[in-house]
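Take a look at the letters that make up each chain.
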Amino acid sequence: KAGVTQTPRYLIKTRGQQVTLSCSPISGHRSVSWYQQTPGQGLQFLFEYFSETQRNKGNFPGRFSGRQFSNSRSEMNVSTLELGDSALYLCASSGADTQYFGPGTRLTVL
Amino acid sequence: DQQVKQNSPSLSVQEGRISILNCDYTNSMFDYFLWYKKYPAEGPTFLISISSIKDKNEDGRFTVFLNKSAKHLSLHIVPSQPGDSAVYFCAASKGNFNKFYFGSGTKLNVKP
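The following refers to the structure shown. Predicted model only: the values in this text are computed from it and were never measured. (Residues numbered from 1 in each chain as written. Chains lettered and ligands numbered in written order. Predicted model: local features only at pLDDT ≥ 70, side-chain atom pairs only at ≥ 80, totals over all residues. Heavy atoms only, no water.)

## Examining the sheet that holds strand β1 (residues 4-5) of chain B
Residues and elements named next belong to chain B.
Stage number 1. Taken in spatial order, the five strands line up as β1-β3-β8-β7-β6 in an open sheet, and their pairing is antiparallel. The outermost strands of the open sheet, each flanked by one partner alone, are β1 and β6 (56-59).
Stage number 2. As judged from the six bridges shared by strand β3 (residues 19-25) and strand β8 (residues 72-77), these two strands associate in the antiparallel manner. Across the sheet, residue Cys 23 finds its bridge partner in β8, namely Leu 73. (Pairing = 2+ DSSP bridges. Helix = DSSP H or I, 4+ residues; strand = E, 2+ residues; numbered from the N terminus.)

So, in structure tokens, the structure goes:
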């Protein structure tokens, strides 16, 4: 069974731009969660989608948004990028009792 | 506000000895806890979990202990191997397997 895949793996953007990241969950998983990882902060929960609906939300500004498609693939969008948005963005799909993470997208904002 | 804390950013252990990684949490509603291991350039990999109805869970060389009164959990790795060198994250949830609160991680270095 294929794992969670994320594209692209690396991305460089400049301040003010917007970015879209993609995540394909494990086949059969309907829940997709997004996390931001920065040095010293661990993983911060962004939001979770289930059956195309946002079901849980973390404490991030409205510049961070997401969506999920009928095939459970999910996208995350960040608008008006700031330098502090530079981070590793991880997506996870949920099984019965745990989350399985993708390799992440490393976003650098210059 | 960090609800899950890993106060040791790094730990160095000799191969063959025990590694003990600690994690504290503040929210007494947390009822499910996980440990993840993360290598550079990879996503976190699930290691072991424990529910709040237990105080210990063991899987091979890995054992997780939960002390609910102290709001503390720990991961024991015995014996430690060089391949265990990675960053370890603890995570907690409250009745929701789709939203976890993570600690900031502890970087374990197992010396040969």
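## Side note on the interface of chain A and chain B
Stage number 1. On the side of chain B, 19 residues touch chain A, which itself brings 26 residues to the contact.
Stage number 2. When the two sides are added together, the surface that chain A and chain B hide from each other amounts to roughly 1600 Å², 50% of it contributed by carbon and sulfur.
Stage number 3. The interface formed by chain A and chain B includes zero salt bridges.
Stage number 4. The interface formed by chain A and chain B holds three residue pairs in polar contact (both at pLDDT 80 or more) in total. (Contact = heavy atoms within 4.5 Å. Buried area = accessible area lost by both parts, 1.4 Å probe. Salt bridge = Lys/Arg side-chain N within 4 Å of Asp/Glu carboxyl O. Polar contact = N/O pair within 3.5 Å; in protein donor to acceptor, adjacent residues only side chain to side chain.)

## Some words on the side chain of Ser 80 of chain B
Stage number 1. Along the polypeptide, Ser 80 of chain B turns up in the loop between β8 and β9 (86-93).
Stage number 2. When sequence neighbours within four positions are dropped, the list of residues in contact with Ser 80 of chain B reads Val 13, Gln 14, Glu 15, Gly 16, Arg 17, Ile 18, Ser 19, Arg 61 and Val 110 of chain B.

## Considering unusual backbone geometry
Stage number 1. Note that the residue after Thr 7 of chain A, namely Pro 8 of chain A, is joined by a cis bond; omega there is -10 degrees.
Stage number 2. Geometrically, the link from Val 78 of chain B to Pro 79 of chain B is a cis peptide bond, its omega value of -10 degrees lying close to zero.
Stage number 3. Among the structural elements, Pro 79 of chain B can be located in the loop between β8 and β9.
Stage number 4. Positive phi, close to 80 degrees, is recorded for Ser 72 of chain A, a residue that is not glycine.
Stage number 5. You can see Ser 72 of chain A is positioned in the loop between β7 (64-68) and β8 (74-78).
Stage number 6. The class of Ser 72 of chain A is buried, set by a relative accessible area of 11%. (Buried < 20%, exposed > 50% of the residue type's maximum accessible area, 1.4 Å probe, protein only.)

## Some details on the environment of Ala 87 of chain A
Residue and element names in this part refer to chain A.
Stage number 1. Looking at the element boundaries, Ala 87 is found in strand β9 (residues 87-94).
Stage number 2. Here Ala 87 falls in the buried class, since its relative accessible area comes to 3%.
Stage number 3. With 52 residues separating them in the primary sequence, Ala 87 and Tyr 35 have C-alpha atoms 9.9 Å apart.
Stage number 4. Dropping the residues within four chain positions of it, Ala 87 is found in contact with Gln 36, Gln 37, Thr 38, Thr 105, Arg 106 and Leu 107.

## Description of the nonpolar core
Considering soluble globular proteins, one finds that nonpolar side chains tend to be buried as a cluster.
Stage number 1. Residues Val 4, Phe 33, Trp 35, Leu 73, Leu 75 and Tyr 88 of chain B are the most contacted members of the largest nonpolar core, which totals 24 residues.
Stage number 2. Mapped onto this core, the elements with two or more residues apiece are β3, β4 (32-38), β5 (45-51), β7 (62-67), β8, β9 and β11 (106-111) of chain B.
Stage number 3. In contact with Leu 73 of chain B, not counting residues within four places along its chain, are Leu 21, Asn 22, Cys 23, Tyr 25, Phe 33, Trp 35, Val 64, Phe 65 and Leu 66 of chain B.
Stage number 4. In terms of nonpolar packing, the next biggest core, distinct from the first, is built from 21 residues, Leu 11, Val 19, Tyr 49 and Phe 60 of chain A among them. (Core = buried A, V, L, I, M, F, W, Y, C linked by side-chain atoms within 4.5 Å.)

## Observations concerning the state of the cysteines
Stage number 1. Applying the stated criterion across every chain yields a total of two disulfides over all chains.
Stage number 2. The disulfide partner of Cys 23 of chain A is Cys 91 of chain A, and the gap between their sulfur atoms is 1.6 Å. With a gap of 68 residues between them, Cys 23 of chain A in strand β3 (residues 19-24) and Cys 91 of chain A in strand β9 connect regions that are remote in the sequence.
Stage number 3. The buried category is assigned to Cys 23 of chain A, whose relative accessible area is 0%.
Stage number 4. Here Cys 23 of chain B connects covalently by a disulfide to Cys 90 of chain B, the sulfurs 1.9 Å from one another. Between Cys 23 of chain B and Cys 90 of chain B, the disulfide has an S-S torsion of 65 degrees and is therefore right-handed. Of this pair, Cys 23 of chain B sits in strand β3 while Cys 90 of chain B sits in strand β9, and the two are 67 residues apart along the sequence. Accessibility classification places Cys 23 of chain B together with Cys 90 of chain B in one group, the buried group. (Disulfide = S-S within 2.5 Å.)

## Here's the deal with the packing of aromatic side chains
Stage number 1. Scanning the entire structure with this criterion turns up 14 aromatic pairs over all chains.
Stage number 2. Where Tyr 35 of chain A meets Phe 45 of chain A, the ring centres are 5.5 Å apart and the plane angle is 70 degrees; that geometry is what we call edge-to-face. Of this pair, Tyr 35 of chain A sits in strand β4 (residues 31-38) while Phe 45 of chain A sits in strand β5 (residues 42-50), and the two are ten residues apart along the sequence.
Stage number 3. In this structure Phe 45 of chain A comes out as buried when scored by relative accessible area, which is 8%.
Stage number 4. Ring plane angle 40 degrees and centroid distance 5.7 Å describe the contact between Tyr 36 of chain B and Phe 102 of chain B, whose orientation is recorded as tilted. Of the two residues, Tyr 36 of chain B is situated in strand β4 and Phe 102 of chain B in strand β10 (residues 101-102); the sequence distance between them amounts to 66 residues.
Stage number 5. Tyr 36 of chain B gets classed as buried once you look at its relative accessible area, which sits at 0%.
Stage number 6. Here Arg 55 of chain A stacks its cationic end above the ring of Phe 50 of chain A, 4.2 Å away from the centre of that ring. (Phe/Tyr/Trp six-rings, centres within 6.5 Å; stacked < 30°, edge-to-face > 60°. Lys NZ or Arg CZ within 6 Å of the ring centre and 35° of its normal.)

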